Amino acid sequence: MKTILLSSDDEDIKKAAQIIGNGGIVAIPTETVYGLAADALNGNAVRKIFEAKGRPMDNPLIVHISDIPQIYPLVSEFPEKAKILAEKFWPGPLTIILPKSEVIPDEVSAGLDTVAIRFPSHKTTQKLISLSSPLAAPSANLSGSPSPTTLSHVCDDMDGRIDAIIDGGDCAVGVESTVVTLAEDIPRLLRPGGITVEQLRSAIGEVEIDSAVTNPLEEGEKAASPGMKYKHYSPNADVILLDGENNAVYEYLNTLTDKNAAAICYDEDIGRISIPCISIGSENDYSEQAHLLFASLRDADKMGYKTVYARCPRKNGVGLAVYNRIIRAAGFNIIYLEGADKG
Ligand code: AMP
Ligand code: MG
């Protein structure tokens, strides 16, 4: 298939809307990561997304809207707490799970009786949705690889597999949206992202954190968010997390003899580590770390490293989102050193 490259100007957004209207699939820019979109109400079109990504059919998609009232036909309930979150955090990197209405095809919800909804803040994608329809879209990477945060990441994974790619520049947040379910009695965080659990709690009170956010699923345990059971965000290189204080991490890395190893680290570490370093920003700047994380994993592959040692992020604020992604990239392979935070 020939994949056409579109710009974010009005003419090209119209072309993308036509492709979507004809049941095609288009990679779209959002503030979190690039998405791979189809008309959310067209089950056959949505099926093509799973084929292009190699995504398991039991992993549901997020439906993207461009205005809060568009949610009404898509859900069977829109409870008060969901309204509060929508008013406060939309448009933005927050996905809300609610009981679905009958218009949602099974391909989108993977047979669940709920649907995930988000109102992204990227203007290009808002325009595309207003010209076409609500869009079902997962991240625009091959299933299992790090999510794409730049146009070139999308081209690397999707050229020749989809109808079109819209260039919307680099993604601002860099990790996927926060996912919270309001389809149960107590709201529960299923995936951390740019909107923090602290922000959710200050808006609606109690919010539980699903254990799969920081822990591997137990054998036979059912995933609240089906995506959590799959290998995720992984480069070709093996990723190993180093949890410990600075000096313990430096000592560990500086005694390695592996010529094919690199470190994903912080700006402050540069000059103190003797193997090649890819920095994801300053130690306390969690937003910058989120912004650069997936690109750093892809860069490690491009540079040919076979093993990547990554520093263990903190688990507060947006740090929880960085931690959640990198422990999955590492397949929960963590080396605990002096000063590790096992909490
Ligand atoms: P992605 O599309 O790659 O950003 O992944 C979307 C995430 O949201 C996956 O982890 C899905 O399993 C999760 N998700 C989507 N819809 C639902 C739903 N109805 N219930 C629970 N999790 C969902
Ligand atoms: Mg994804």
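Read on for a plain summary of the structure. Just so you know, these numbers come straight off a predicted model, no measurement behind them.

1. What to know about the pattern of salt bridges
Item 1. For the coordinates displayed, the defined rule picks out 13 salt bridges.
Item 2. The residue D12 makes a salt bridge to K15 at a minimum N-O spacing of 3.4 Å. On the criterion of helical spacing, the pair formed by D12 and K15 is a turn pair, its members being three residues apart in helix 1 (residues 10-21).
Item 3. Owing to a relative accessible area of 12%, D12 belongs among the buried residues under this scheme.
Item 4. Residue K15 is classed as partly exposed on the basis of its relative accessible area of 42%.
Item 5. Ionic pairing is found between D210 and R188, a salt bridge with its closest N-O pair at 2.2 Å. Of this pair, D210 sits in the loop between strand 11 (208-209) and strand 12 (238-243) while R188 sits in strand 10 (residues 188-191); the two residues are 22 residues apart in sequence, bridging distant segments of the chain. Pair check on accessibility: D210 and R188 agree, each one buried.
Item 6. Linked by salt bridges that have partners in common, E184, R188 and D210 make up one network.

2. So, the nonpolar core
Nonpolar side chains in soluble globular proteins generally cluster together in the buried interior.
Item 1. With 50 residues, the main nonpolar core has L85, W90, L94, I96, I117 and L200 as its most contacted residues.
Item 2. At the level of secondary structure, the elements contributing two or more residues to this core comprise strand 3 (35-39), helix 2 (43-53), helix 3 (80-89), strand 5 (94-99), strand 6 (114-118), helix 6 (151-158) and helix 7 (197-204).
Item 3. Here this core gets five residues from one element, more than from any other, and that element is helix 2.
Item 4. Those residues within four positions of L94 in sequence are excluded, and the remaining contacts are L85, F89, I117, R118, S177, T178, V180, I195 and L200.
Item 5. Judged by nonpolar contacts, the second largest core, of 29 residues, contains V33, L241, L293 and V318.

3. Quick word on the pairing of strand 6
Item 1. The buried fraction of strand 6 amounts to five of the five residues, a majority that puts the element mostly inside the structure.
Item 2. Alternating residues of strand 6 divide into T114, A116 and R118 and V115 and I117, and every residue in both groups is buried.
Item 3. Pairing between strand 4 (residues 62-64) and strand 6: three bridges, direction parallel. Counterpart to V63 in the pairing with strand 6 is I117.
Item 4. Note: strand 5 against strand 6, five bridges, orientation antiparallel. Bridged to I97 within strand 6 is A116.

4. Some points on the pairing of strand 10
Item 1. Summarising the sheet, strand 9 (residues 178-181) and strand 10 pair through three bridges and their orientation is antiparallel. Note on strand 10: the bridge partner recorded for V180 is L189.
Item 2. Counting the residues in the hairpin turn of strand 9 and strand 10 gives six residues.
Item 3. Between the parallel pair strand 10 and strand 11, the chain is carried across by helix 7, and the sense of this crossover is right-handed.

Definitions and cut-offs
- Residues numbered from 1 in each chain as written.
- Chains lettered and ligands numbered in written order.
- Predicted model: local features only at pLDDT ≥ 70, side-chain atom pairs only at ≥ 80, totals over all residues.
- Heavy atoms only, no water.
- Salt bridge = Lys/Arg side-chain N within 4 Å of Asp/Glu carboxyl O.
- Helix = DSSP H or I, 4+ residues; strand = E, 2+ residues; numbered from the N terminus.
- Buried < 20%, exposed > 50% of the residue type's maximum accessible area, 1.4 Å probe, protein only.
- Core = buried A, V, L, I, M, F, W, Y, C linked by side-chain atoms within 4.5 Å.
- Contact = heavy atoms within 4.5 Å.
- Pairing = 2+ DSSP bridges.
- Right-handed = clockwise from strand over helix to strand, strands pointing away.

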